[in-house]
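Chain and residue survey
Residues per chain, in single letters:
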Amino acid sequence: MDAASGTLRSVKEGYCALCYAKAKDKCAKCKRPYCSQYCQEKDWRLGHKGDCGLTDLPAPKSVPSPEAFLLKESVQSPIISEPTWRKVLDSTDMRPRVGPPRGLRNLGNTCYMSSVLQSLFHAAPVLVSACKEHRVSTCAANGSVEGGASSPSASRGAWGVAAPTNSPSACGAANGCFRCDLEAMMANCLEPRPASEESEPVDLRMGDRVLVQRLAGSPELNGQEAVIEGPMPADLEAEDARIGVRVVATNRHVKVRPANLDFCCRSATGPSEIIRWLPKLGEFNFGSQEDAHELLRSILRLIEDEEVKSVSEALRKERTSAMPEPNAELTGTPSRLFRGLLVSSVQCTDRSCGESKFSFEAFLDLSLDITEATDSVEDALKFFTAPERLDKKNGWRCEACDQIVRARKQLTIYTAPSLLVLQLKRFRYIDTGARNKVTKPVTFEASLNLRPFLWSSAVEAEAGRPSPLWLPLCSAPPGPMMLAPASAPSAPPSAPPSGPALGCSELPSVGSTEHGAGVCKPCAFFHTAGCSNGVACQFCHLCDSEEKKRRRKDKIQVKRVAGKALRQADSLA
């Protein structure tokens, strides 16, 4: 353990301080061991520069507790009480979703929104449960849930999106309710299976993903994934009822009985329930390229504002003069899930003094720099928590020494959140003021150990807490990352997938690789004059001649849905 830094970055004698290989070289000043010059230079850039020669500093005798206003225990009237929060946690299903994941349609530069919403759904199920608990306990008490879009009996459009209603919110609340709309969008657009029990029959719709089963006449199709493309019979229970499907792997169109189709998941839809909230989320313009990190912060801020407003209205109805406490948001859903504490320590380097000062700061996410030395997320966190040397013109006034002295400063995590969000800074400003995009790849493992980046006195307190979560959220700059269970073991490397050979009937071109996933681009010449590029064509040769026309119609349809949602939002403004 590094006593000076107060973290758990241990250095073993005879082993490299960076990669733990057998050491061959040492730092000329502090004798820190390294296996190569590369590791020595990288460690210097990741923080050893500010720590060299200071490893023998005595550890601080005591660390003061954070200020009371930074702790949720100081809130006398919490937004969400501990029993209610425990009820939300107990009612949340933490298991992975059953069935293939659903996607969200791009309604026009809305990929940033889709990445945030899908990550919240899959990595933060407690947030969805909290929104559902609000809809059931609050909106239901006000009589505004019946017939809402989140109700299983609510009518939906052809694309699985809740049909627009005259009410300004999915739950029917007069002034709109973002949490109810968010929960409705999650249930309607992202849930792999419908809200009904699996034992109940599923109503099949256009665009649904299904599995072909129990076909006696064409046994080669059994187990194949297909998409319902119609026509849909008026009565699915009729003896002669047949549904038109397209087999994904072979692009073959067949008509089968409804009893021979096993439901997989709904078709991808557009997040129209959230698009109409863009004006209230911040300066977001529909159709423009926006920042995923800013959207995530705006979503959490809007949820927090609604929770504080609900408490204020409850106090007003009780005819009390009391108002929510200034730090009442600490007991809200966003803070309970995403909020952590950083501790900044400054220590005098005079061995006879050792005076230290501490300050605390709350955070909802951490912004990590990408430099020449940061090859992984762990490296970026090392750089974020690297010690800094304060000397020369940047000296520190020590109260014990009563003079400007050389000091050591370091920022570490004091309290880790339940869900840690990391933003990778993919843009860098240069001297001319211009912005350059950082395209360097950053690797990460299936698990992340936060112990080396925690203040040592906080490790014991964190030992009994659930591990932080992580999951990739958005790789597009500037992209945040959301973490999933750090305690999960790294998955063993899987064997390369086996598939058809390039040039065969199942894979006639390079662009046909993604045909099964539905994200390929149809070739415009294959079904007309013929494609001259042949196997090397970057476009799909498995799509039929009508695929481009169908996708054009789909695009027009989703734009109409989005436009209608925006016009509805404008009428409410």
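Quick summary incoming for the structure in this document. (Residues numbered from 1 in each chain as written. Predicted model: local features only at pLDDT ≥ 70, side-chain atom pairs only at ≥ 80, totals over all residues. Heavy atoms only, no water.)

Sheets are built from strands that pair by backbone hydrogen bonding, the pairs being arranged parallel or antiparallel. A sheet is described by the order of its strands in space; here five strands give the open sequence β6-β5-β4-β3-β7, paired in antiparallel fashion. Only two strands of the sheet have a single partner each, and these edge strands are β6 (253–256) and β7 (261–265). Put simply, the sheet's adjacent strands are angled 40° from each other on average, direction ignored. (Pairing = 2+ DSSP bridges. Helix = DSSP H or I, 4+ residues; strand = E, 2+ residues; numbered from the N terminus. Axes fitted to C-alpha atoms, helices over the stretch in contact; angles between N-to-C directions.)

A few words now on unusual backbone geometry. Residues apart from glycine generally show negative phi values, whereas peptide bonds are mostly found in trans. Notably, Tyr-20 is not glycine yet its phi reads approximately 65°, a positive angle. With relative accessibility at 39%, the residue Tyr-20 sits in the partly exposed group. One non-glycine residue, Asn-109, lies in the positive phi region at around 60°. Among the secondary structure elements, Asn-109 is positioned in the loop between α2 (82–90) and α3 (111–123). A residue is classified by how much of its surface remains accessible, and Asn-109, at 34% relative accessible area, is partly exposed. (Buried < 20%, exposed > 50% of the residue type's maximum accessible area, 1.4 Å probe, protein only.)

Another point: a nonpolar patch on the surface. A grouping of Leu-502, Val-510 and Val-535 is seen on the molecular surface, where their side chains present a nonpolar patch of about 220 Å² in accessible area. Looking at the element boundaries, Val-535 is found in the loop between β19 (479–483) and α12 (547–572). Overall, Val-535 belongs to the partly exposed group, its relative accessible area being 36%. (Patch = residues over 30% accessible without salt bridge, like charges linked within 9 Å, V, L, I, M, F, W, Y side chains within 5 Å. Areas by Shrake-Rupley, 256 points an atom, 1.4 Å probe, with all protein chains shown as cover. Salt bridge = Lys/Arg side-chain N within 4 Å of Asp/Glu carboxyl O.)

Core analysis: the largest hydrophobic core is formed by 43 residues, its most contacted members being Leu-120, Phe-178, Leu-182, Leu-281 and Ile-299. Breaking this core down by element, the ones donating at least two residues are α2, α3, α4 (125–139), α5 (178–190), α6 (272–275), α7 (278–281), α8 (292–317) and α9 (333–338). In terms of residues, this core owes the most to one element, α8, which gives nine residues. Those residues in contact with Leu-182 that lie beyond four places of it in its chain are Leu-117, Cys-131, Ile-274 and Ile-303. In this structure, Leu-342, Ile-370, Ala-380 and Leu-420 belong to the second largest nonpolar core, which totals 19 residues. (Core = buried A, V, L, I, M, F, W, Y, C linked by side-chain atoms within 4.5 Å. Contact = heavy atoms within 4.5 Å.)

The strand order β9-β8-β14-β11 describes an open sheet built from four strands, whose pairing is antiparallel. Among the strands making up the open sheet, the edge pair consists of β9 (356–363) and β11 (388–390). Put simply, the sheet's adjacent strands are angled 25° from each other on average, direction ignored. Looking at chain direction, strand β8 (residues 340–348) and strand β14 (residues 407–415) are connected through eight bridges and run antiparallel. Each bridged residue has a counterpart across the sheet, and for Leu-341 the counterpart in β14 is Thr-415.

With the rule as written, the count across this model stands at 25 salt bridges. Between Asp-43 and Arg-32 there is a salt bridge; the shortest N-O distance is 2.9 Å. With Asp-43 in helix α1 (residues 37–45) and Arg-32 in the loop between β1 (25–26) and β2 (33–34), this pair connects stretches of sequence that are eleven residues apart. For the residue pair Asp-43 and Arg-32, the accessibility class agrees, reading buried in each case. Counted as one network, the salt bridges with shared partners bring together Lys-42, Asp-375, Asp-379 and Lys-440.

On to the side chain of Thr-349, then. Within the fold, Thr-349 resides in the loop between β8 and β9. For Thr-349, a relative accessible area of 14% puts it in the buried group. For Thr-349, the side chain forms a polar contact with the main-chain oxygen of Arg-406, separated by 2.8 Å. Setting aside its immediate chain neighbours within four residues, Thr-349 contacts Leu-54, Leu-57, Arg-406, Ala-407 and Arg-408. (Polar contact = N/O pair within 3.5 Å; in protein donor to acceptor, adjacent residues only side chain to side chain.)

Where α3 contacts α8, the axes come no closer than 9 Å and their chain directions differ by 50°. Taken as axis vectors, α3 and α8 run oblique relative to one another. The handedness of the crossing between α3 and α8 comes out as right-handed. Contact residues: α3 offers Tyr-112, Met-113, Ser-115, Val-116, Leu-117 and Leu-120, while α8 offers Ala-292, Leu-295, Leu-296 and Ile-299. The class makeup of the residues in the contact of α3 with α8 is nine nonpolar, one polar and no charged. (Parallel < 35°, antiparallel > 145°, perpendicular 65-115°, else oblique. Left-handed = near helix turned anticlockwise from the far one by under 90°. Nonpolar A, V, L, I, M, F, W, Y, C, P; charged D, E, K, R; others polar.)

Attention now goes to the state of the cysteines. Summed over all chains, the structure comprises zero disulfides. Cys-353 provides the cysteine sulfur closest to Cys-398, a residue in no disulfide bond, and the two sulfurs are 3.7 Å apart. With no disulfide partner, Cys-523 has as its closest neighbouring cysteine sulfur the one in Cys-531, 4.0 Å distant. (Disulfide = S-S within 2.5 Å.)

It is worth spelling out the packing of aromatic side chains at this point. Following the criterion strictly, the structure yields four aromatic pairs and no others. Residues Phe-178 and Trp-277 carry aromatic rings whose centres are separated by 5.5 Å and whose planes lie at 75° to one another, so their mutual orientation is edge-to-face. Note that Phe-178 is positioned in helix α5 and Trp-277 in the loop between α6 and α7, a separation of 99 residues in sequence. Overall, Phe-178 belongs to the buried group, its relative accessible area being 0%. With a centroid separation of 5.0 Å and an interplanar angle of 75°, the aromatic rings of Phe-360 and Tyr-414 are classed as edge-to-face. Residue Phe-360 is located in strand β9, and its partner Tyr-414 is located in strand β14; the two are separated by 54 residues in the primary sequence. Each of the two residues, Phe-360 as well as Tyr-414, counts as buried. (Phe/Tyr/Trp six-rings, centres within 6.5 Å; stacked < 30°, edge-to-face > 60°.)

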